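Residues per chain, in single letters:
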Amino acid sequence: MLRYVAAGIDGTPESLAAAHWAAREAVRRGVALRLVHAWERRPRPAPTVPADKSQRSWAEDMLAQASDSVRAAHAGLRVVTHSVADAPVGALLAAAEEADLLVIGSRWISGVTGFLTGSVSQRVVARSPRPVVLVRAGECTAREHFSAAAGISPDEIPEIPYRDVVLGIDTDRPCDELIEFAFDAARLRATPLRVVHAFSAPPAYAAIDRLAPVNGPELLAEHERAVVATLRPWCEKFPEVAVTETVTEGRAARELIHASAGAALLVVGRQVRGTLLGNHHGNHLGSVAHAALHHAPCPVAVVPHA
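Residues numbered from 1 in each chain as written. Predicted model: local features only at pLDDT ≥ 70, side-chain atom pairs only at ≥ 80, totals over all residues. Heavy atoms only, no water.

A. Here's a closer look at unusual backbone geometry. Positive phi values are uncommon outside glycine, yet A190 reaches one of about 50°. Structurally, A190 can be placed in the loop between α6 (176–189) and β8 (193–199). The exposure class assigned to A190 is exposed, which follows from its relative accessible area of 71%. (Helix = DSSP H or I, 4+ residues; strand = E, 2+ residues; numbered from the N terminus. Buried < 20%, exposed > 50% of the residue type's maximum accessible area, 1.4 Å probe, protein only.)

Written out as structure tokens, the structure is:
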């Protein structure tokens, strides 16, 4: 069966950036790229559709333009397009079901508010059964790599080392899917993996009950040992990935956003919650993932896990 990375296309600059990021990821993985656009049947075309075009023909033209742009940048990459008359959320979730991962775009709106993840993006991230990467408008090959020397040609940029991959973990609920995704992302880029774990000191009465230190070096050492133990089997599985751990007391979201400055990719988890209807792809997006999507300056991968 054909393996591929999927990208959602809607004609915006951020979706084109997502398509190109997805293309680079497909090249790294040695798989195909699938560009997906959903258009809804309406009595009359949307205002963005030219007067001489139908909704369907405009969608196909837009996909063709995105495909041509990607092919021009990545000769030899297999690119397939899929235009479907369906609601965007349903179409993107269906595409995610069949892909290694799904890539969609988000746009910067202000220094205070952060990045805009619209209702479609948030619902897709919160319900996707597969990892979803959100890419900012303006994200390009050069931003994934360390700064190039003056005068270097664009063709030489991929030879410059990648920026680090950053992973946020919770040692109370470590999960294989999340950790493996981050290690594999670092391996594909031949770059170090920076693992960030933030913790809060328990209240004094809770610490007494469990006979554990309230704060100080002992508590920090306890968390450091937990992080090392959690990562040990993955370091053995991916010996080529250099790993550094940062363990600190504080808010996880704040520490991860700080660590993501200058990173190639931030990887966070989303806990899947079952429902009474038996749907195991619960729509809960945790506070850490929510903050990362809105404020991390680099692409963010959200990995669902049990």
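Moving on from the coordinates now.
B. Layout of the pairing of strand β6 (residues 132–136). Taken across its five residues, β6 has five buried, putting it largely inside the fold. A two-sided burial pattern is seen for β6, the buried positions comprising V132, L134 and R136 on one face and V133 and V135 on the other.

C. The confidence of the model for the protein chain, seen in detail. Per-chain confidence: the protein chain averages 85 in pLDDT, with 81% of residues scoring 70 or above. The least confident element of the protein chain, judged by mean pLDDT, is strand β5 (residues 114–116) at 42; the most confident is strand β7 (residues 165–168) at 98. Within the model, pLDDT remains below 50 along residues 109–116, and this stretch shows 21 contacts once partners closer than five positions in the same chain are excluded. Predicted confidence for residues 275–281 stays below pLDDT 50, and this span has 10 contacts to residues more than four positions away or in other chains. (pLDDT = per-residue confidence, 0-100. Contact = heavy atoms within 4.5 Å.)

D. Region of interest: the pattern of salt bridges. What the rule picks out here adds up to 14 salt bridges. Across the pair R194 and D164 runs a salt bridge, and its minimum N-O distance is 3.1 Å. Of this pair, R194 sits in strand β8 while D164 sits in the loop between α5 (141–144) and β7; the two residues are 30 residues apart in sequence, bridging distant segments of the chain. A residue is classified by how much of its surface remains accessible, and D164, at 16% relative accessible area, is buried. Within this structure, R3, R24, E25, R28, R29, D100, E144 and R189 form a network of salt bridges that share partners. (Salt bridge = Lys/Arg side-chain N within 4 Å of Asp/Glu carboxyl O.)

E. Up close: helix α8 (residues 217–237). Taking 1.5 Å per residue as the helical rise, α8 with its 21 residues ought to reach 30 Å, and the 30 Å between its terminal C-alpha atoms agrees with that figure. Maximum bend of α8: about 40°, positioned at L231, with proline P233 one to four residues after it. For α8, the full list of buried residues reads L219, H223, V227, T230, L231 and W234. Along its buried surface, α8 packs onto α6, β8 and β9 (243–249). (Expected span 1.5 Å × (residues − 1). Bend = angle between axes of the 7 residues up to and from the residue.)

F. The environment of A18, seen in detail. Tracing the backbone shows A18 in helix α1 (residues 13–29). When the C-alpha atoms of A18 and S106 are compared, they prove to be 8.6 Å apart, with 88 residues separating the residues in sequence. Residue contacts for A18: discarding those within four places in its chain leaves A7, V103, I104, G105 and V135.

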